[in-house]
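For reference, the chains in residue letters:
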Amino acid sequence: MRNKLADVLAEKGIADPAVLSAIRAVPRHLFMDSSFEGHAYQDKAFPIAADQTISQPYTVAFQTALLQLKPDHKILEIGTGSGYQTAVLLYLKAKVYSIERQLELFKKTSIFFKKMGYRPKKLIFGDGYKGLPQEGPFDGILVTAGAPEVPKALMSQLKIGGRLVIPVGINNQVMTLFIRKSAKEFEKKELGSFRFVPLLENKN
Ligand code: SAH
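In this convention, every chain numbers its residues from 1, walking through the sequence in written order. Residues qualify for local features only when their pLDDT is at least 70, as the model is predicted, and side-chain atom pairs are given and counted only at 80 or more; totals for whole chains, interfaces and linings, by contrast, use all residues. Hydrogens and water are ignored here; the side-chain numbers use all heavy atoms of the structure.

Remarks on the site of the ligand
Stage number 1. Taken together, 26 residues sit near the ligand, with S82, E100, D127, G128 and L200 positioned nearest.
Stage number 2. Within 3.5 Å is the distance limit for a polar contact, defined as a pair of N or O atoms, with the added protein rule that one can donate a hydrogen and the other accept it, and that residues adjacent in sequence qualify only through two side-chain atoms. Contacts to the ligand include D127, whose side-chain N or O atom sits 2.9 Å from a nitrogen atom.
Stage number 3. The separation between a nitrogen atom of the ligand and a polar side-chain atom of T144 is 3.3 Å.
Stage number 4. Method for areas: the Shrake-Rupley scheme with a 1.4 Å probe, in which residue coverage is limited to the protein chains shown. About the coverage of the ligand: the protein hides 99% of its 570 Å² of free accessible area.
Stage number 5. What counts as a helix is a DSSP run of H or I of at least four residues, what counts as a strand is a run of E of at least two, and both are numbered from the N terminus. At the level of secondary structure, the elements contributing two or more residues to the shell around the ligand comprise β2 (53-54), β3 (74-78) and β4 (95-100).
Stage number 6. Gly counts as polar in this scheme, as do all residues outside two lists: the nonpolar Ala, Val, Leu, Ile, Met, Phe, Trp, Tyr, Cys and Pro, and the charged Asp, Glu, Lys and Arg. Tallied by class, residues from the shell around the ligand come to ten nonpolar, twelve polar and four charged. Only a single heavy atom is needed: when it lies within 4 Å of a molecule or strand, its residue is near that molecule or strand.

Following this line, the structure appears as structure tokens:
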């Protein structure tokens, strides 16, 4: 079923062979509630705990490909959720730091990762709006929730040459890629319309 899913994603335009091999390898059904498990290899988002969703495989593959990962790249993910995207990054040998603001999901995914032997560098319970300055700068930052605007902190935590992949917008989001060219210059690319649950800021 995973091979078939990878074929579907390739037909939809995902061309990166490493990303497709991650889709073939990572057992998505284990990241989902048992009531949806049987649908895990459809190219669809599904509910997880705390009113959140596991992203659609196409979206995971699309965002991952935009990072242009190399082994040992240091990646910050905002929105751990089910951990599926995290596991895809780990399969591609990234060093992953991932932040989740819903305590229930943070706990659930932390326990699941231990059980499965997945080893991100850090899973953090907190507000991804602020990024993770103490661990940066990063080769890539991946935001997996819809951001009303681009958090400045995330731009500042990119290495020169680093990539920020962020869906920007309120109801629909435009997938946006920023590549840091120098301390002050960023190249910006807009890459199509997607739908995400919202990136929420902790106002405290
Ligand atoms: N990568 C996840 C996507 C989950 S949906 C997966 O495929 O399973 C997006 C996640 O972002 C949700 O779990 C939500 O709680 C989280 N989120 C929203 N705002 C956030 C913030 N400011 N900081 C960290 N996580 C946030």
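Comments concerning unusual backbone geometry
Stage number 1. Note the cis peptide between G136 and P137, where omega equals 0°.
Stage number 2. Positive phi, close to 60°, is recorded for D51, a residue that is not glycine.
Stage number 3. Inspection of the secondary structure assignment puts D51 in the loop between β1 (46-47) and β2.
Stage number 4. With a phi angle near 45°, Q68 is a residue other than glycine that sits in the positive phi range.
Stage number 5. Looking at the secondary structure, you find Q68 in the loop between α3 (57-67) and β3.
Stage number 6. Judged by relative accessible area, Q68 falls into the partly exposed class, the value being 48%. Under the scheme applied here, a residue whose accessible area is under 20% of the maximum for its type counts as buried, over 50% as exposed, and between as partly exposed, the area being computed with a 1.4 Å probe on protein chains only.

Some points on the nonpolar core
Stage number 1. Among buried residues, those of type Ala, Val, Leu, Ile, Met, Phe, Trp, Tyr and Cys that are joined through side-chain atoms within 4.5 Å constitute a nonpolar core. In terms of nonpolar packing, the biggest core is built from 43 residues, with L9, I14, F31 and Y84 touching the most fellow members.
Stage number 2. Of all the secondary-structure elements, those providing two or more residues to this core are α1 (2-11), α2 (17-25), α3, α4 (84-91), α5 (103-116) and β8 (173-180).
Stage number 3. Broken down by element, this core gets its largest block of residues, six residues, from α3.
Stage number 4. By size, the runner-up hydrophobic cluster in this structure holds 19 residues, among which are L76, V143, A147 and I166.

Observations concerning the pairing of strand β5 (residues 122-125)
Stage number 1. Bridge count between β4 and β5: four bridges; the pairing is parallel. Bridging from a neighbouring strand, Y97 pairs with K122 of β5.
Stage number 2. With the strands aimed away from the viewer, a crossover counts as right-handed if its path from the first strand over the helix to the second runs clockwise. Chirality of the crossover, the property in question, places the unit of β4, α5 and β5 among those that are right-handed. Pairing between strands is defined by DSSP: at least two bridges between the two strands are required.

With respect to the environment of A18
Stage number 1. Tracing the chain through its elements places A18 in helix α2.
Stage number 2. Of the residues examined, A18 reaches a relative accessible area of 35% and is grouped as partly exposed.
Stage number 3. On a C-alpha basis, the gap between A18 and V96 in space is 17 Å, while along the polypeptide they are 78 residues apart.

Shape is all these values report; function is a separate question.
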